[in-house]
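# Structural overview
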There are 2 protein chains.
Amino acid sequence: MELLQLRYFHEVAQTQHMTNSAKRLGVAQPALTQAIRRLEGELDAKLFERAGRNIRLTPCGEALEAKVAPLLAAFDEIPLAIAQAKGQERDTVRIDVEAATSMTVDAIAVFRATVPQAAFVINQANSEARWDVRVRTVTPGGGGKPDARTSQVFRERICLAIPKEQAKGKSVCLADFADAPFVCLAGTRGFRGVCDELCLKAGFAPNVVFESDSPDVVRKFIALGLGVGFWPERSWGALEGSDVVLVPIADPGFARDIVVETAKHPFGQKAAEFHALLLEFIRRRMGEADS
Amino acid sequence: MELLQLRYFHEVAQTQHMTNSAKRLGVAQPALTQAIRRLEGELDAKLFERAGRNIRLTPCGEALEAKVAPLLAAFDEIPLAIAQAKGQERDTVRIDVEAATSMTVDAIAVFRATVPQAAFVINQANSEARWDVRVRTVTPGGGGKPDARTSQVFRERICLAIPKEQAKGKSVCLADFADAPFVCLAGTRGFRGVCDELCLKAGFAPNVVFESDSPDVVRKFIALGLGVGFWPERSWGALEGSDVVLVPIADPGFARDIVVETAKHPFGQKAAEFHALLLEFIRRRMGEADS
DNA sequence: CATTATTACGAATAACGTAACGATG
DNA sequence: CATCGTTACGTTATTCGTAATAATG
């Protein structure tokens, strides 16, 4: 049961005339007859019957025509739908955000104010899905391979958020917090993964008393003084609560790289524009930039 | 854009895996790749893109899948729909009724009481449409060719309906009604055609003062005594009104044949049963039967 | 006898399968 | 190096078109 046969059938069902339909279809009459015959054989039902010199739909043929007509119309819409999808895609930006979420959504808000017709599809660390722009975080020296893709790296220090009264100098040593309660993000990738990796290198094992997969919750716990926690210097914004301060860590290597990647080949015009804006946006907020 | 290509595409879109899909489809992997490539070429859009070792739907591919999936499901229903139509047709009787309408519908009522699941499709003298049973009327000797099809003929006299006081004998001569007002059916086929033909043969020209395409209206006019009119002896039933009588016509040839035909080949079981009942029904009402 | 649908047969097109290749983790 | 997708090429199968045949009014 091929699509061409059904198109032929539909045409003949409308005109109830082989010769005329053959002309309109641009094929020879025998080809039409054969195609109809094949269809009848596959469906095991007579679709037309002779009525004098002409032919006429059988009841089965009428049933088939009722089924087929709307389907063929739907098929003819497919190329249009594809073209629309292709056109729409030019204004769609697909983002895979694994870090720096708040900065990214802020950038999106700014972008949409400038380009209202832009559409966004945002996944969180779902590497299966397609993405035009991706924001990840890696350890500075570590396995973070910048990849063959165009990428841009911003480095920032990882600080420790501690109660104000414990802040004695310009920086702190982790060893002083061997027994302190830690509040951490949950999960293995992103910021948590970087912190775990760095602690491992420094030979330090934080006493994690509370975890959450929401940075906002972690922020609140730290702000309430319930524990200390790692905190990126800038990208997460200032900590609320006046009795908590952010101090650099004296131990070496406590920093992270935020990597902004763009898909290799095909990404729409608006994705490129957004990428440029996102880089500028992050650069301004971070105050420092490295490639 | 062939149906097979779309089936292949649908399968691959679901698994996002060429090799597995090829196995499930029972074709070689290269054939799958080629089919997808052809489809992409026709639609002028990339449908899949490489994601590492595997492949992934592009946005256009997702749009196509959304369009195609329900259509393929609908196509798979076609054979079932045809089978249903074929089965249902066994209990459907298609009738083309050009004469003896009241008797036919009475027969249908009787038949349905016996076989409730039977369905009827009734057209009035629409020879284009398909019919299993056909009821026509022809002049006895005339061009009415009983056809190669199985047919059954019932002959009845055509009488004249006249006011009772004018009825002087057992029959009347048309010449006596040369100036009488006639009430006739409109149209050229059926009973009217037979009457016109017979009058022409008899060298008689009725003075038609009123025509209607509805036998019921004609019946009323005659019953009210507004004119005289031709009336089949039995098949239209008795005339209402006690001051009108039905008298035979002395002029020769005033009769009509009611022809019941059955379609040559394919008509369902119930159509055959109804045909038998209709013949018996008419035979009983007419009192006389000829083949 | 003119028109319409069907059958027969040769030719062209397109799909498939095997094998070799390229890419990727 | 093992797996997956792609390209190359020879083979097979299906479909189409021309011509001849049958049926119908």
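Small disclaimer: the values here were computed from a predicted structure and weren't measured. (Residues numbered from 1 in each chain as written. Chains lettered and ligands numbered in written order. Predicted model: local features only at pLDDT ≥ 70, side-chain atom pairs only at ≥ 80, totals over all residues. Heavy atoms only, no water.)

## Details of the protein's contact with DNA strand D
Around DNA strand D sit 23 residues in total, of which Ala-28 of chain A together with Met-18, Thr-19, Pro-30 and Arg-53 of chain B are the nearest. Taking Ala-28 of chain A, its main chain carries an N or O atom lying 3.0 Å from a phosphate oxygen of DNA strand D. Elements with a minimum of two residues in the surface near DNA strand D: helix H1 (3–15) and helix H3 (29–43) of chain A together with helix H2 (18–25), helix H3 (29–43) and strand E2 (54–57) of chain B. When grouped by side-chain class, the residues that make up the surface near DNA strand D number nine nonpolar, nine polar and five charged. (Near = heavy atom within 4 Å. Polar contact = N/O pair within 3.5 Å; in protein donor to acceptor, adjacent residues only side chain to side chain. Helix = DSSP H or I, 4+ residues; strand = E, 2+ residues; numbered from the N terminus. Nonpolar A, V, L, I, M, F, W, Y, C, P; charged D, E, K, R; others polar.)

## What to know about the pairing of strand E5 (residues 133–138) of chain A
Residues and elements named next belong to chain A. In terms of burial, E5 is a largely internal element, six of the six residues being buried. Sheet topology note: the strand E3 (residues 92–97)/E5 ladder contains three bridges and is parallel. Bridging across to E5, Val-97 finds its partner in Val-135. Of the strand pairs in this sheet, E5 and strand E11 (residues 255–262) are connected by six bridges, and their pairing is antiparallel. Bridge pairing in E11 places Val-135 opposite Val-260. (Buried < 20%, exposed > 50% of the residue type's maximum accessible area, 1.4 Å probe, protein only. Pairing = 2+ DSSP bridges.)

## Quick notes on the packing of helix H1 (residues 3–15) of chain B against H2 of chain B
Residues and elements named next belong to chain B. Closest axis-to-axis distance for the H1/H2 pair is 9 Å, and the angle between their directions is 130°. Put simply, H1 runs oblique to H2. Note on packing geometry: the crossing formed by H1 with H2 is right-handed. Every residue of H2 that contacts H1 at Tyr-8, Glu-11, Val-12 and Thr-15 is listed here: Met-18, Ser-21, Arg-24 and Leu-25. A class-by-class count of the residues in the contact of H1 with H2 yields four nonpolar, two polar and two charged. (Axes fitted to C-alpha atoms, helices over the stretch in contact; angles between N-to-C directions. Parallel < 35°, antiparallel > 145°, perpendicular 65-115°, else oblique. Left-handed = near helix turned anticlockwise from the far one by under 90°. Contact = heavy atoms within 4.5 Å.)

## Overview of the UniProt feature "domain: HTH lysR-type" (unreviewed entry) in chain A
With numbering matched to this structure, UniProt assigns "domain: HTH lysR-type" (unreviewed entry) to residues 1–58 of chain A. Between the first and last C-alpha atoms of residues 1–58 of chain A the distance is 19 Å; the span itself is 62% helix and 14% strand. (UniProt positions renumbered as here; feature names shortened; annotations may be inferred.)

## Topic: empty space enclosed by the protein
A water-sized probe rolled over the atoms picks out the places where empty space is left. Tallying each qualifying case throughout the model produces two cavities of 30 Å³ or more. Within this model, the largest cavity holds a volume of roughly 70 Å³. In terms of lining residues, the largest cavity is bounded by Val-183, Cys-184, Leu-185, Phe-191, Arg-192, Cys-195, Val-218, Phe-230 and Trp-236 of chain B. Along the lines of polarity and charge, the residues of the lining of the largest cavity split into eight nonpolar, no polar and one charged. Taken as a whole, the second largest cavity holds about 60 Å³ of empty space. The set of elements that each furnish at least two residues to the lining of the second largest cavity consists of strand E7 (181–185) and helix H7 (190–201) of chain A. (1 Å grid on protein atoms, 1.4 Å probe; cavity = no way out; pocket = protein on both sides within 12 Å on 5 of 7 lines; lining within 4 Å. Points joined across faces, edges and corners; volume = space filled by probe spheres on them.)

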